[in-house]
Each structure stands twice: as structure tokens, then as C-alpha cells.
Amino acid sequence: MSAPPAPEATAATLLRRPQIWVVPTVLTGLLALLVSLLYMGGIVNPNGELHDLPIALVDDDTGPPDLGGRITAAIAADSAGGKADWRVMTRAEAEDQLDSGKVYGALVVPAGFSDAVAALTTSGATHRPTMLVLTNPGKGSLGSSLASQISTKAARTASLSVGRQLTQTGAAARATPTTKVLLADPVDVVTRVGHPIGGHSGLGLSAFYYTLLLVLAGFMGGNVISNGVDTALGYADNEIGPWHTRRPTVPISRTQTLLLKMVMTAGITVVSAALVMLACITILGMDVSHVPLLGIYSYCAALAVGLGVQAINAAFGGIGQLVSMFVFIVLGLPSSGATIPLQAVPAFYRFLSYFEPMRQLSDGVRAILYFDARGDAGLTRSWIMIGVGTVLALLFGFGMTTYYDRTGHKRLTPQPA
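Each chain carries its own residue numbering, running from 1 in the direction its sequence is written. This being a predicted model, a pLDDT of at least 70 is required before a residue's local features are given, and a value of 80 or more before pairs of side-chain atoms are given or counted; all residues contribute to the totals for chains, interfaces and linings. Water and hydrogen atoms play no part in the side-chain values, which are based on all heavy atoms of the structure.

With that settled, consider the packing of aromatic side chains. Within 6.5 Å between ring centres, the rings of Phe, Tyr and Trp (the latter by its six-membered ring) count as paired, and their orientation is classed by plane angle as stacked under 30 degrees, edge-to-face over 60, tilted in between. Enumeration according to the criterion identifies seven aromatic pairs in this entry. Taken together, a centroid distance of 6.4 Å and an interplanar angle of 90° make the contact between Tyr370 and Phe371 edge-to-face. For the residue pair Tyr370 and Phe371, the accessibility class agrees, reading buried in each case. The lysine or arginine in question, Lys139, covers the ring of Tyr104, its NZ or CZ lying 4.8 Å from the ring centre. Each residue gets one of three labels from its accessible area relative to the maximum for its type: buried under 20%, exposed over 50%, partly exposed in between, using a 1.4 Å probe on protein chains only. Any Lys NZ or Arg CZ found within 6 Å of a ring centre and within 35 degrees of that ring's normal is scored as a charge over the ring.

The structure is reproduced here in C-alpha cells:
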């Protein structure tokens, strides 16, 4: 005589079991804590963490008594309390550094500065001497703003120093009160864009958001393909609303399954990368000057992420999606250097930036969008890292699945149709 069927469980009964609460509570709490610490830890105190922000320092002043040389020497020696990495160079070198994204801005003492200062104490003064602050919005609005603030502060300090020298001259003692006020702070600080970018560039943030789209396209596409293949092969249930189906399990090794997923990723990424470009460029009008190159780069970048997702899922199984989320998104965003300069984040994130995918990809996108696709603007390194990432994904993924297959770790026992 067969045993009666077990009574159907109810939610009220299961909720009274402590063991059903433990794992979800611990994992959810840990994830919330880690994500909060990692995201906010990278952006909460950029001014406090800021050090060695590269800024060009130019002395174009040639006339005696060479005030420009003395000013630039004093600024370079001060280093803005360690916040700036002043790089003394010629005007041509500074423009090249701005155009290649190697500096966040520039401070220029223009030609004729000494003559203009000397003329202030004479009746021949026609204009105030100026110092020029050049910004680089292609390095991101925050990075360019930080460089502008540091440069402006240095110029103001230099102006007060020159003013103290002027007010001690005999001519200053005979000057009118209005002129004395002018002589106390004689230098006019002018801010200009050193390397302009297009009006449809999100104030220098379009590179970051475009990179994020490529990472998300590879991440989401990789997981959708992985789940879709597992469902089609009968290794996962297909549940849509109240409908639930499960296909017969197809006998296939882990290695062949990964190969199938990676080939499909390579094919489907063509569609996702093309649609990202369609949305951003054609529909939204994002500024791009190298469309074919950006198309090839977008495909390769999203593909590298997608292959990495497949490798991680194959190695870690059910928790693979969480692992890949941390690798490509949670750790990638604060260490990308795309919104906050790496010189303004804690050392932990600077360490991550050497290998985190989002930093490598954002450098390449920024070079294509803002810096005329120059290799020395980060594009060459980005291509190299895409290649390295792809090779690592293939080696890691197939290495793990081959190991599992050889040691007899089958996914599921095949089920009859």
C-alpha cells in the first residue's frame, strides 16, 4: 500500500524555520554593505584624496626681470600641497599634452607678462597683466574643474606676491588709492578651454556613460545567452509567469557548452554593439568623429566582457553572475577614473585600475571621442588590454571546464524526453 502524499507546504510554516532565513539574510546584508563601501568609498572625499594631479605649467614670459620664470619656479616648488603634479613645459608641449589627455589643465604665464607688470607703476599702463588657466573638459568635468581650481589658486597667490613687490616701490607710494588697490592684486586670471570638445559630449561624461553601456551590453548579453543556452539544453527550467517548462537534457560536456555560449556571444554582440551605437549616435546625436573605429572598438570591448562573463559563469556556476557583477561593475565603476580622476581616489581603487576592465575600456573610448583617437591618449593601451582580457577569459574558462570534465563533474544526469 502506497504512502499518502506529503501535505503541501505553506509560506506560514516555512517562515518559522530559521534555516530558511540565514543564507538570504547574510548574503543580502553582505552585498549591501560591500556595494555601499565600494561605491561611496571611491567618491566620498575627492579633495581629501587628491594628490599629484598632472597640470602643465608654461612660462612664455621672456622680458626682464623674468617674473614669469620666478613665478613658475615658485609654483612648481610648492606643488599645491601635494595636490598637483606641475609639469613645466613649453606652450607647444602643453597643447600637445592637452590634446592627448595627459594633463587635466594648464597654467600659462604669457609673453610680455614682465613688461605689463612693470608698466603698472607708470603712466603708460594700458591693461592688467594676465595669467591664463586652460581647462581640459575631455578629461571629465570634475577632473578639469579640480585642475582649474588648483591653477586659479596658484595664479592668485602669484598675483599677491607680485603685488607685495609693487606696493613697496616708490612709484606705488605716490599712486592714487585706486591704483594702490590695483597694484596689491595686479594679475587678471583668465580661464579658457585648452582642448575643446563637442557640445553633445555630456560635459566630458559621454565617454564614461558610453563605456558603461558597452560593459552592460557585454555583461547582460553574456548572462542572457548563458541562461538561454542552459534552458534550451535542459539544464535550467523555463518559467514565464504561470507557465513552467523543462526541456529534455541534452548530453553535452561543460567544455562544449562553454564553446557554444562563447560562439553565440561573438555573434550576438554584433547586434548589441550596433544598437548601442544606433541609440547614442543616430538617435541621441552624441558627438563622434571616428565612427567606424568606434564601431569596431565597441564590438571588441563588449565581446571581451561577454566572454569574461561566460568564463566566470562556467567556473563558478550559480554564483557566477554575482562574481561577474563584482568584477565588471561593482569594482569597475569607482576605479574607472572616468568620473573622478584616479589621483583623487583612495589607493585601493588606484590599484584596481591597473587591471579592472572598465578603466581599460574607458581610456579607449575617451581617446576616440575626445582626443582624435590618438594611441598615446590611451587607445593603444586599451587595445592591448582588450586582447589580454579576451585571452585570459578563454584560458580561464576552458581551463576550468576541461578540469571539471576530466574529473567527472557532470552538470546533470541526462533525462529522457
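Strands are runs of DSSP state E lasting at least two residues, helices are runs of H or I lasting at least four, and both sets are numbered from the N terminus onward. Here, expected helix span is obtained from the residue count minus one, scaled by 1.5 Å. Taking 1.5 Å per residue as the helical rise, helix H12 (residues 291–316) with its 26 residues ought to reach 38 Å, and the 37 Å between its terminal C-alpha atoms agrees with that figure. Phi turns positive one or two residues past the end of H12, at Gly317, with a value near 70°.

Among the secondary structure elements, Ala106 is positioned in strand S3 (residues 105–109). Considered as a pair, Ala106 and Gly399 are 293 residues apart in the sequence and their alpha carbons are 49 Å apart. Note on definitions: a residue-residue contact is assigned when non-hydrogen atoms from the two residues lie within 4.5 Å. Those residues in contact with Ala106 that sit more than four places away from it in its chain are Ile55, Ala56, Leu98, Leu132, Val133, Leu134 and Ser151.

With five of its five residues buried, S3 lies for the most part within the structure. Along S3, one buried face is formed by Gly105, Leu107 and Val109 and the opposite face, lined by Ala106 and Val108, is buried too. Strands qualify as paired when DSSP identifies two bridges or more between them. By the bridge criterion, four bridges tie strand S1 (residues 53–59) to S3 in an arrangement that is parallel. Among the inter-strand pairings, Leu57 is bridged to a residue of S3, identified as Leu107.

Here the focus is a nonpolar patch on the surface. Taken together, the side chains of Val22, Val23, Val26, Leu27, Leu30, Leu33, Leu34 and Leu37 present a nonpolar region at the surface, about 710 Å² in accessible area. You can see Val22 is positioned in helix H2 (residues 19–43). Judged by its relative accessible area of 46%, Val22 is partly exposed. Two distance rules govern patches: like charges are joined within 9 Å, and nonpolar side chains (Val, Leu, Ile, Met, Phe, Trp, Tyr) within 5 Å, applied only to residues with over 30% relative accessible area and no salt bridge. The Shrake-Rupley method, run with a 1.4 Å probe, gives the accessible areas here. Residue values count only the displayed protein chains as cover. Basic side-chain nitrogens of Lys or Arg form a salt bridge, by our definition, when they fall within 4 Å of a carboxyl oxygen of Asp or Glu.

Below, the discussion takes up helix H4 (residues 67–78). The end-to-end C-alpha separation of H4 is 17 Å, in line with the 16 Å expected for 12 residues at 1.5 Å each. Residues Leu67, Gly68, Gly69, Ile71, Thr72 and Ile75 constitute the buried set of H4. Looking at the buried positions of H4, the neighbouring elements they touch are S1, strand S2 (84–89), S3, helix H6 (113–119), strand S4 (130–135) and helix H7 (141–166).

What describes two packed helices is the angle between their axes and the distance between those same axes. Between H12 and helix H15 (residues 357–370), whose axes approach to 11 Å, the crossing angle comes to 175°. In terms of axis orientation, H12 runs roughly antiparallel to H15. Only Gln360, Leu361, Gly364, Val365, Ile368 and Leu369 of H15 make contact with H12, whose side of the interface consists of Leu293, Leu294, Tyr297, Ala301 and Val305. Each residue gets one of three labels, nonpolar for Ala, Val, Leu, Ile, Met, Phe, Trp, Tyr, Cys and Pro, charged for Asp, Glu, Lys and Arg, and polar for the others, Gly among them. Each residue belonging to the contact of H12 with H15 can be placed in one class, and the counts come to nine nonpolar, two polar and no charged. For helices, the axis comes from a line fit to the C-alpha atoms of the stretch in contact; other axes are also lines fit to C-alpha atoms, and the angle between any two N-to-C directions lies between 0 and 180 degrees. Oblique is the label for every angle not falling under 35 degrees (roughly parallel), over 145 degrees (roughly antiparallel), or within 65 to 115 degrees (roughly perpendicular).

A few words now on the nonpolar core. When a protein is soluble and globular, its nonpolar side chains tend to lie buried together. Counting 38 residues, the largest nonpolar core has Ile71, Ile75, Trp86, Leu107, Phe113 and Met131 as the members making the most contacts within it. Per-element accounting of this core gives the leading share, eight residues, to H7. Core analysis: the next-biggest nonpolar cluster, separate from the first, contains 36 residues, Val305, Ile312, Ile368 and Ala373 among them. Here, the term nonpolar core denotes a set of buried Ala, Val, Leu, Ile, Met, Phe, Trp, Tyr and Cys residues that are joined through side-chain atoms within 4.5 Å.

Let us look at the pattern of salt bridges. Under the criterion given, the structure shown has nine salt bridges. Of the charged contacts, one joins Arg87 and Asp85 as a salt bridge, the two residues approaching to 3.2 Å between their closest N and O atoms. Its relative accessible area of 30% is what places Arg87 among the partly exposed residues. A salt bridge links Asp363 to Arg359; its shortest N-O distance comes to 2.8 Å. Note that Asp363 and Arg359 are positioned in helix H15 at a spacing of four residues, about one turn of the helix. Residue Asp363 shares its accessibility class with Arg359, and that shared class is buried.

With that settled, the discussion passes to the side chain of Thr265. By the secondary structure assignment, Thr265 is in helix H11 (residues 254–283). Residue Thr265 is classed as buried on the basis of its relative accessible area of 1%. For Thr265, the side chain forms a polar contact with the main-chain oxygen of Lys261, separated by 2.7 Å. With residues near it in sequence (within four places) discarded, Thr265 still touches Ile225, Leu303, Gly306, Leu307 and Gln310. Between N or O atoms, a polar contact is any pair within 3.5 Å; within protein, one atom must be a potential hydrogen donor and the other a potential acceptor, and residues adjacent in sequence are included only when both atoms are from side chains.

Phi at Asp52 is positive, roughly 60°, even though this residue is not glycine. By the secondary structure assignment, Asp52 is in the loop between helix H3 (46–49) and S1. Looking at Asp52, the relative accessible area reads 40%, which means it is partly exposed. Phi at Asp372 takes a positive value of approximately 55°, unusual for a residue other than glycine. Note that Asp372 resides in the loop between H15 and helix H16 (379–406).

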